[in-house]
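# Descriptive analysis of the structure
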Amino acid sequence: MNITDHDPKTEVVLGKPTPSGLFWSFLSIGAFTFGGGYAMLPLIRKSLVEKSSWLQDDEFVDTIAVAQSAPGPIAVNMAVICGYKLGAIKGALAAVLGATLPSFVILIVVAAFFLGAQDNPFVRAAFTGMRPAIVALMISAVYDIGKSTIKSRLAAAIALGAIVLLLVIELHPVLVIVAAALIGLAAGSYRSHVPIRTSTSNDRGDNT
Amino acid sequence: MIYVQLFKTFFKIGLFSFGGGYAMLPLIQKEIVGNYSWLTLAEFIDLVAISQVTPGPIAINAATFVGYKMAGIFGSTAATCGVVTPSLLVVLTLTLLFVRYNRLESVQAAFAGIRPAVVALIVAAIWNILPPSIQAFSSWVILAATLLAIRRFRVHPILAIFSAAVLGICLYS
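Heads up: these notes are all about the structure in this document.

### Looking at the interface of chain A and chain B
Tallying the contact residues gives 96 residues for chain A and 97 residues for chain B. In total, about 8700 Å² of surface goes out of reach between chain A and chain B, with carbon and sulfur atoms giving 79% of it. Inspection of the region where chain A meets chain B yields three salt bridges. For the salt bridge of Arg131(A) with Asp46(B), the shortest nitrogen-to-oxygen distance reads 2.9 Å. Joining chain A to chain B, the criterion identifies nine residue pairs in polar contact (both at pLDDT 80 or more). Take the side of chain A that touches chain B: its biggest share by element is 26 residues, from helix α6 (residues 121–149) of chain A. Looking at the side of chain A that touches chain B, its residues break down into 65 nonpolar, 24 polar and seven charged.

### Observations concerning the side chain of Thr9(B)
Residue and element names in this part refer to chain B. Assignment of secondary structure puts Thr 9 in helix α1 (residues 2–16). Its relative accessible area of 3% is what places Thr 9 among the buried residues. Among all residues touching Thr 9, those that are not within four sequence positions of it are Glu 31, Ile 32, Tyr 36 and Trp 38.

### Digging into the packing of aromatic side chains
Tallied over the entire structure, the rule returns five aromatic pairs over all chains. On the basis of an interplanar angle of 50° and a centroid distance of 5.8 Å, the ring pair of Phe114(A) and Phe65(B) is categorised as tilted. Residue Phe114(A) is found in helix α5 (residues 74–117), and its partner Phe65(B) is found in helix α4 (residues 58–101); the two belong to separate chains. Judged on exposure class, the residue Phe114(A) and its partner Phe65(B) are both buried. Between Tyr36(B) and Trp38(B), the ring centres sit 4.4 Å apart and the planes meet at 15°, which makes this aromatic pair stacked. Through pairs of rings, three or more aromatic residues link up here, namely Phe114(A), Phe127(A) and Phe65(B).

### Quick word on the nonpolar core
If you look at the biggest cluster of nonpolar residues, it comprises 102 residues, and the most contacted ones within it are Phe26(A), Met138(A) and Phe10(B). Three or more residues apiece are contributed to this core by two domains, here domain 1 (1–118) and domain 2 (150–208) of chain A. Excluding residues that lie within four positions of it along the chain, Met138(A) makes contacts with Tyr22(B), Leu25(B), Ile122(B), Ala125(B), Ile126(B) and Ile129(B).

Analysis parameters
Residues numbered from 1 in each chain as written. Chains lettered and ligands numbered in written order. Predicted model: local features only at pLDDT ≥ 70, side-chain atom pairs only at ≥ 80, totals over all residues. Heavy atoms only, no water. Contact = heavy atoms within 4.5 Å. Buried area = accessible area lost by both parts, 1.4 Å probe. Salt bridge = Lys/Arg side-chain N within 4 Å of Asp/Glu carboxyl O. Polar contact = N/O pair within 3.5 Å; in protein donor to acceptor, adjacent residues only side chain to side chain. Helix = DSSP H or I, 4+ residues; strand = E, 2+ residues; numbered from the N terminus. Nonpolar A, V, L, I, M, F, W, Y, C, P; charged D, E, K, R; others polar. Buried < 20%, exposed > 50% of the residue type's maximum accessible area, 1.4 Å probe, protein only. Phe/Tyr/Trp six-rings, centres within 6.5 Å; stacked < 30°, edge-to-face > 60°. Core = buried A, V, L, I, M, F, W, Y, C linked by side-chain atoms within 4.5 Å. Domains from an automatic or database assignment.

In structure tokens form, the structure reads like this:
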């Protein structure tokens, strides 16, 4: 996780993608990944690490850590980070535009069709059939995510508490997320026995 | 004005959706179905189905779809810009901090709390979309068969969804 080891100058030497190069790379990433999220990571790695060697593997891993720690779609976050690292603000904007454009265009076409054909009996029937399948996909996903996430009593308590808040009290999801983040922060500072504010100076010391 | 409303609503969705994918659904539902009634609950589930068989992140798909329904292509543009902007701002800030201080501990501590809540968000989403998804006994059969297909036989989700659509056409039209 030592990104400061890489001098910005050596990164520029490593590869010099133009904003349009970044745009096309992320356009193909956005166009060929279904289901979103983590499904996109292997494709992004292939495009940026293997094919163009714009990034090294350890840089790519750091990138994922930041993308997961921020809100928003993971693919868009990856585009922002990779684009910024490789081409500053222009690069970030070009990469985000590339990652977003395929689903934007495709969804406009689909929406135009769907909203016109919504009452067609065949379309109705197809979607009636698909809905329980979507529920099944979500059950499968939540099982996987739950298994990898809920590994401590605290995590289980947060999950259970959040379910109660969401379904029984019908609290707004934003409030539930903020509360969970605060609990995480409190637990983190309790565990390290160091208040979060003072750890900045420690980290600076580690870097030298 | 509808464009501003679309931008603001999807900005909020982008800002508070962690974990991506399904974890975004309760928030999208609360805002789009609950607060604004831009979609019915049934349309919302259809949107999830569409998102699964089209490429790209679910949040972008949702923004484009809802924006288009409410205000055409410009609506799509407003909503999509709204959902992407928080990513740009937050991630750029994080990248700058990360590069400067090489420190992400507090963000990761917060995220350690958010992750189990994401599980709860998906459970809540399932709970909410279950009733309108079950139209007949055959719906339960499709649900169970899909679960079996993707867990036991590792069928690709897109193939599973298309099979369910074909079954739906055979059963319900």
